[in-house]
Amino acid sequence: MAVTTATEQRREGSLLAKAYLLVYNGLLTAGWSLLVFNTVQYTLSHAASINGSVPGLYKSIRWPLQVFQTAALLEIVHSLIGLVPSGVMTTLMQVYSRVFITWAMLEFTPGVSGNLGLLLIAFAWGVTEVVRYSYYFFSLVGSVPYPIKWCRYTFFYILYPVGVVVSSPEQCDR
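Keep in mind the model is a prediction, meaning the values are calculated, not measured. (Residues numbered from 1 in each chain as written. Predicted model: local features only at pLDDT ≥ 70, side-chain atom pairs only at ≥ 80, totals over all residues. Heavy atoms only, no water.)

As for the overall build of the protein chain
Of regular secondary structure, the protein chain possesses eight helices and zero strands. Beginning at the N terminus, the succession of helices and strands in the protein chain can be written as α-α-α-α-α-α-α-α. Taking all 174 residues of the protein chain together, 35% fall into the buried category. Total accessible area on the protein chain stands at roughly 10400 Å², and carbon and sulfur atoms take up 69% of it. (Helix = DSSP H or I, 4+ residues; strand = E, 2+ residues; numbered from the N terminus. Buried < 20%, exposed > 50% of the residue type's maximum accessible area, 1.4 Å probe, protein only. Areas by Shrake-Rupley, 256 points an atom, 1.4 Å probe, with all protein chains shown as cover.)

Some points on the packing of aromatic side chains
Tallied over the full model, the rule gives ten aromatic pairs. With centroids separated by 6.4 Å and ring planes inclined at 80°, the aromatic side chains of Tyr-133 and Tyr-136 adopt a geometry described as edge-to-face. Linking Tyr-133 with Tyr-136, this pair stays in helix 5 (residues 116-141), spanning three residues, or about one helical turn. Taking relative accessible area as the criterion, Tyr-133 reaches 1% and is therefore assigned buried. Given the relative accessible area of 28%, Tyr-136 is considered partly exposed. With centroids separated by 5.9 Å and ring planes inclined at 75°, the aromatic side chains of Phe-156 and Tyr-157 adopt a geometry described as edge-to-face. Classification of Tyr-157 as exposed rests on a relative accessible area of 62%. Linked through ring pairs, Tyr-20, Tyr-24, Tyr-133, Tyr-135, Tyr-136 and Tyr-153 together constitute an aromatic cluster. (Phe/Tyr/Trp six-rings, centres within 6.5 Å; stacked < 30°, edge-to-face > 60°.)

Have a look at this one:
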């Protein structure tokens, strides 16, 4: 029976963690890409009829939004166990607010899921997450393509305020 050293065990654990994070970030990149695709497809096919409401958008993005936003709960676990260097409280607040909007407001508050703000949330969250998760994925691979790096540090200035403002309870009532 082979005896493994502490260094070998850490390396194996590190490789397993890296493999897990590659799969996690790859799946979330794909999932949020699907949401962005569905949002753009809906917008292009209904552009002439969008007049303050988007009655069918939620139906076309509901599944990827719920699945991939809820999967972000794992990020709290990742920070708790030290898999990633993110702060637990910051991660908890960011993830909780979006999961709350996804499940409590969009799913159970009448009228909110047809609100024009949903289009802005879907686009802002979707693009932000595609860029973020692909950035993490390529960081783990060891080489982040310049366009992804540029998007990661540039889109933030526009998409973060849009996501925050449109996600506020006052905007969801309109």
